[in-house]
Amino acid sequence: MRFLIGTPAARIAAMTIPRFHAAVFDMDGLLLDSERPIRDAWMAATRELGIVLHDADYLRVVGRNEADSRRELQALLGAAVSYDAVRARAASLIADALGAGGYAVKAGVVALLEALRARGVSCVVASSTHRDEVHERLVQAGLRGYFAGVSGGDEVSRGKPHPDLFLLAAQRAGHAPSRCLVFEDSEHGARGAIAAGMSVVIVPDLKTPGEDACAASVAVLASLHDACVHVEDWFG
């Protein structure tokens, strides 16, 4: 099957794809509008502490797990301030900004999940965030019930862009990687999915993945709402 979306907001790579039996979702920046508040809190926290952290520097860790993000960001922060100090201040700023409401659900998420549920498609989450935090955010957003399982970055030794997290997610979905369609916003995530032998739909958030990742994807869409019209073709 070949797909092409003609709308200006979306781009589909011309490629033949199979029908899939499971859907694997990233969380931050895809299901939840969390990447922007987290980034803004980190930028504000570093300013308060007298450190200059550029937007391009922060984008280097989008999609990475805690260990990789810690290593990258501490190198950028230098010896003057610790990663833990900035992280704690950023967490405080996020809590003040969000209150008890949690992160907003992104456009098209519920409609797509409902469409997949109606067809009996197994849905799981593969997020670089710690598993307990993934569970908590999904519960807070009212989304946890849509997913048969969640996998977090703390459960694998190598995070995105390595395939480990996606292979774990496929195992929990109960399907071979080749029968899983991944929905991702980041380049690290897209590359990890491809490395795991999965197909990927990219829905960019803070930064559009590079040309190579986009060319290897099934689709590049403006939002998950745009994926709803393809559920029958992709999942039968």
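For the structure, check the block above.
Keep in mind it's a predicted model, so treat the numbers as computed, not measured. All chains use their own residue numbering, which begins from 1 and follows the written sequence. Totals for whole chains, interfaces and linings use every residue, but because this is a predicted model, local features are given only for residues with pLDDT of at least 70 and side-chain atom pairs only at 80 or more, for both listing and counting. Based on all heavy atoms of the structure, the side-chain values leave hydrogens and waters out of the count.

Caption draft 1: Main features of the overall build of the protein chain. In terms of regular secondary structure, the protein chain is built from ten helices and six strands. Relative to a compact globule of 236 residues, whose C-alpha radius of gyration would be 18 Å, the protein chain shows 17 Å and is just as compact. Seen along its three principal axes, the alpha-carbon backbone of the protein chain occupies a region of about 55 × 35 × 35 Å. By residue count, 52% of the 236 residues in the protein chain fall in the buried class. Throughout, a contact is declared for two residues whenever any of their heavy atoms are within 4.5 Å. Residue pairs at least 24 apart in sequence account for 65% of intrachain contacts in the protein chain once pairs closer than 6 positions are excluded. Taken as a whole, the protein chain presents about 10300 Å² of accessible surface, with 51% of it coming from carbon and sulfur. Strands here mean DSSP runs of E at least two residues long; helices mean DSSP runs of H or I at least four residues long; both are numbered from the N terminus. Radius of gyration means the value over C-alpha atoms here, while the globule rule gives 2.2 Å times the residue count to the 0.38 power. Buried, partly exposed and exposed residues are distinguished by accessible area as a fraction of the type maximum, computed with a 1.4 Å probe on protein chains only: under 20%, between the cut-offs, and over 50%, respectively. Only the protein chains shown count as cover for residues, and the accessible areas themselves come from Shrake-Rupley with a 1.4 Å probe.

Caption draft 2: Quick peek at the sheet that holds strand E4 (residues 180-184). What the six strands build is an open sheet, ordered E3-E2-E1-E4-E5-E6; its pairing is parallel. Two strands close off the open sheet at either side, each with one partner strand: strand E3 (149-152) and strand E6 (219-220). Taken strand by strand, helix H7 (residues 164-173) contacts strand E1 (22-25), strand E2 (122-127), E3 and E4, and its axis lies near 155 degrees from that of E2. Simply put, an axis is a line fit to the C-alpha atoms, just over the touching stretch for a helix, and the angle between two N-to-C directions goes from 0 to 180 degrees. Its contacts with the sheet put helix H8 (residues 187-195) on E4 and strand E5 (199-202), and the angle it makes with E5 is roughly 165 degrees. Following DSSP output, two strands are said to pair if at least two bridges run between them.

Caption draft 3: Representation of helix H6 (residues 131-141). All buried positions along H6 are accounted for by Val 134, Arg 137 and Leu 138. Down the axis of H6, the sector holding all buried residues measures 95 degrees, keeping them to one side. Looking at the packing, one finds that the buried side of H6 touches helix H1 (35-48), E2 and E3. The reported arc concerns the directions from the helix axis to the C-beta atoms and nothing else.

Caption draft 4: Expanded view of the packing of H1 against helix H4 (residues 83-98). Contact pair H1 / H4: the axes reach a minimum separation of 8 Å and the direction vectors enclose 125 degrees. In terms of orientation, H1 and H4 fall into the oblique class. Viewed along their axes, H1 and H4 form a crossing whose handedness is right-handed. Residues Pro 37, Ile 38, Ala 41, Trp 42, Ala 44, Ala 45, Thr 46 and Glu 48 of H1 touch H4, and the partners they reach there are Tyr 83, Val 86, Arg 87, Arg 89, Ala 90, Leu 93 and Ile 94. Angles are sorted into four bins: roughly parallel if under 35 degrees, roughly antiparallel if over 145, roughly perpendicular if 65 to 115, and oblique for all others. What makes a crossing left-handed is the near helix being turned counterclockwise from the far one by less than a right angle; a clockwise turn instead makes it right-handed.

Caption draft 5: Up close: the packing of aromatic side chains. Centres within 6.5 Å are what make two rings of Phe, Tyr or Trp a pair, Trp counting through its six-membered ring; a difference in plane orientation under 30 degrees is then read as stacked, over 60 as edge-to-face, and the rest as tilted. Summed over the entire model, instances satisfying the criterion amount to five aromatic pairs. Summarising the aromatic geometry, the rings of Trp 42 and Tyr 83 are spaced 5.4 Å apart at their centres and angled 40 degrees between planes, so their arrangement reads as tilted. Residue Trp 42 is found in helix H1, and its partner Tyr 83 is found in helix H4; the two are separated by 41 residues along the sequence. One exposure class covers both Trp 42 and Tyr 83, and it is buried. Feature note: the residues Phe 25, Phe 147, Phe 183 and Trp 234 constitute an aromatic cluster, connected by ring pairs.

Caption draft 6: Looking closely at the pairing of E1. Burial along E1 is two-sided: Ala 22 and Val 24 and Ala 23 and Phe 25, pointing in opposite directions, are all buried. Here E1 pairs with E2 via four bridges, running parallel. When the sheet's bridge partners are listed, Phe 25 is paired in E2 with Val 125. The pairing of E1 with E4 spans four bridges and is classified as parallel. From the neighbouring strand, Phe 25 faces E4, where its bridge partner is Phe 183.

Caption draft 7: Local environment of the nonpolar core. The definition of a nonpolar core used throughout is a set of buried Ala, Val, Leu, Ile, Met, Phe, Trp, Tyr and Cys residues joined through side-chain atoms within 4.5 Å. Grouped together as the largest cluster of nonpolar side chains are 55 residues, with contacts concentrated most on Phe 25, Leu 31, Phe 147, Phe 183, Trp 234 and Phe 235. Of the residues forming this core, the biggest block, six residues, is contributed by H1. Beyond its immediate chain neighbours, meaning those up to four positions away, Phe 25 contacts Leu 30, Leu 31, Leu 112, Leu 113, Leu 116, Cys 123, Val 124, Val 125, Ala 126, Phe 147, Phe 183 and Leu 224. Residues Ile 202, Ala 213, Cys 214 and Val 220 belong to the second largest nonpolar core, which totals 22 residues.

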